[in-house]
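# Coordinate inspection notes
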Amino acid sequence: FHNIVFCIVVGISNVVSFRILCHHFRNHQTSPRMTIKPDKSKGNIKIAAPEVEIKVSRQTMDNSLQSIYQSPEAVAILSVYFVQGALGLSRLAVTYFLKDDLNLLPAESAALMGFTSLPWLLKPIYGFLSDGFPIYGYKRRSYLVIAGIMGCLSWIALGTIVHDASTAFLAITIGSLSIAISDVVVDSIVVERSRLLSEKDNELIDSNSKEIRTKASPAGADLQSLCWSASSLGGIMSAYFSGSLLQYATPKFVFLLTSIFPLIITGVSFLINEQPISNIEAATLNMSTLLRNSTSQLKKIFSTMRNPSIYLPILFIFLWQATPSPDSAMFYFTTNELGFDPEFLGRIRLASSFASLAGVLSYRTWLKNVSARDIIFWTTLISVPLSLTQLLLTTHYNRVLGIPDQLFALTDSVVLTVLGQIAFMPTLTLAAAVCPPGVEGTLFATLMSIYNASFTVGSELGAGLTAFLGITDKSFDQLSLLVVICSLS
């Protein structure tokens with residue numbers, strides 16, 4: 001009865017959070033320096049800025065926005081983003097599988113999971129392939145079909161034939177590759193559709209008016225916010241059940257259940273509005289256009305990266321995120337030493353998911369006009385003493401203070417997640433800001449690959465420190481020292 005009630009609460013909170021997100025982003029989809037006012041006399045909308053006023057037909061703008069919600073392609077796009085979030089259903093199952101079924105030590109588990117994220121470092125390559133090498137005439141649809149099938153087979157393999165660390169590494173890596181490919185492809189589709197919606201909105205401006213055109217697209221902004229909301233909703237829905245399922249089923253059953261989600265990507269890929277490319281066009285695109293465009297893009301990227309104003313911020317973000325992490329060792333400690341069960345860990349993930357949303361909304365509401373340098377500086381400064389509070393848990397001093405282990409772990413995770421999300425948002429802004437015109441898409445994908453590489457390096461450094469300090473699944477004597485090193489780094 002307790003679990004049924006909690007599941008109902010989770011479902012209601014998911015719906016409420018989704019509605020709040022959509023309402024919040026819809027209210028903030030225009031520039032803060034721009035206002036939208038109804039013009040009742042002419043049935044138009046006035047978009048007013050300090051020195052600009054643009055008149056757009058209310059009915060035509062509404063048609064643009066409605067086309068996002070009602071088109072089959074929008075269902076496909078939102079479904080892919082939802083699946084990316086919902087795949088978190090297997091996150092705890094993978095951790096328990098490595099720990100209990102394969103009997104890996106904390107350092108071994110951290111090292112393996114760090115290397116399985118390598119496919120995310122090659123995202124620019126997937127973009128080049130999908131742009132220049134159509135499969136059966138399709139540049140987007142075919143790659144989504146392949147990604148969905150790859151993901152499904154990888155989870156089926158984990159649930160059936162995987163019984164050792166090497167095959168587990170291969171299966172998890174293939175699953176990671178499928179998510180990375182689908183992420184690149186659907187991001188490309190969203191960029192294309194947003195640009196088309198922006199052009200459509202610009203065509204609505206009164207041609208007889210001498211006012212300046214605006215590049216803001218309400219329809220494009222709404223599409224972007226809906227995609228982000230769909231991914232967040234999938235993550236929230238899977239957070240609690242990722243732990244509660246392990247109370248009644250094995251990790252392999254969760255893997256088989258997870259294998260259904262990638263098939264959704266394969267199914268909805270046929271809803272993508274894409275015209276097939278003829279064999280002659282494909283051959284020309286493959287051999288000539290791709291080579292010329294790729295060479296030009298690479299030259300621009302290398303030329304751009306030599307600029308100190310570009311590579312110094314990138315180097316800072318990499319070094320900032322490539323610090324060692326004690327997460328794997330802390331998982332073994334909380335399960336083996338403190339006795340946390342999967343259901344409670346699922347609750348922590350659920351609370352952390354809501355905390356992440358709270359961090360994003362807090363940044364967008366109060367901190368978006370604050371410089372990225374100030375936010376990163378202060379969040380880093382504050383995070384050091386806050387992350388050191390884990391010492392209270394590893395030394396059991398929280399019990400002396402009268403704070404139960406579960407309550408302390410839950411609140412500590414929520415606070416650190418909010419702070420971490422606030423610190424993460426300006427790094428995206430900083431990464432986008434350093435991209436010069438002409439190579440925005442490719443360079444941004446490259447920057448995100450570097451960003452992902454920093455997490456891999458941090459995971460591997462954490463694994464090395466865990467092994468060096470002799471922390472195992474039964475020995476946690478040096479765990480406090482590991483927490484201090486990771487926090488101060």
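So, how was this worked out
Residues numbered from 1 in each chain as written. Predicted model: local features only at pLDDT ≥ 70, side-chain atom pairs only at ≥ 80, totals over all residues. Heavy atoms only, no water. Patch = residues over 30% accessible without salt bridge, like charges linked within 9 Å, V, L, I, M, F, W, Y side chains within 5 Å. Areas by Shrake-Rupley, 256 points an atom, 1.4 Å probe, with all protein chains shown as cover. Salt bridge = Lys/Arg side-chain N within 4 Å of Asp/Glu carboxyl O. Buried < 20%, exposed > 50% of the residue type's maximum accessible area, 1.4 Å probe, protein only. pLDDT = per-residue confidence, 0-100. Contact = heavy atoms within 4.5 Å. Axes fitted to C-alpha atoms, helices over the stretch in contact; angles between N-to-C directions. Helix = DSSP H or I, 4+ residues; strand = E, 2+ residues; numbered from the N terminus. Left-handed = near helix turned anticlockwise from the far one by under 90°. Nonpolar A, V, L, I, M, F, W, Y, C, P; charged D, E, K, R; others polar.

### Examining a nonpolar patch on the surface
Where nonpolar side chains cluster on the molecular surface, the patch consists of L122, I125, L129 and F133 and spans about 320 Å² of accessible area. By relative accessible area, L129 is classed as partly exposed at 34%.

### Structural notes on the confidence of the model for the chain
Per-residue confidence for the chain gives a mean pLDDT of 78, with 71% of residues at or over 70. A low-confidence stretch, residues 1-62 (pLDDT under 50), is modelled with 98 contacts involving residues beyond four sequence positions or located in other chains. Overall, residues 205-221 carries pLDDT values under 50, and its contacts beyond four positions in sequence, including any with other chains, amount to 30 contacts.

### A few points about the packing of helix α4 (residues 91-101) against helix α10 (residues 251-258)
Their axes nearest at 9 Å, the elements α4 and α10 cross at an angle of 150 degrees. Here the hand of the crossing between α4 and α10 comes out left-handed. Across the interface between the two elements, A93, V94, Y96, F97 and D101 from α4 touch P251, K252, V254 and F255 from α10. Within the contact of α4 with α10, the residues separate by chemical class into 7 nonpolar, no polar and 2 charged.

### Here we look at the environment of W155
On the secondary structure map, W155 appears in helix α7 (residues 141-160). Sequence spacing of W155 and F255 is 100 residues, and the spatial spacing of their C-alpha atoms is 5.4 Å. The residues contacting W155, other than those within four sequence positions of it, are L87, S90, V94, F255, L256, T258, S259 and P262.

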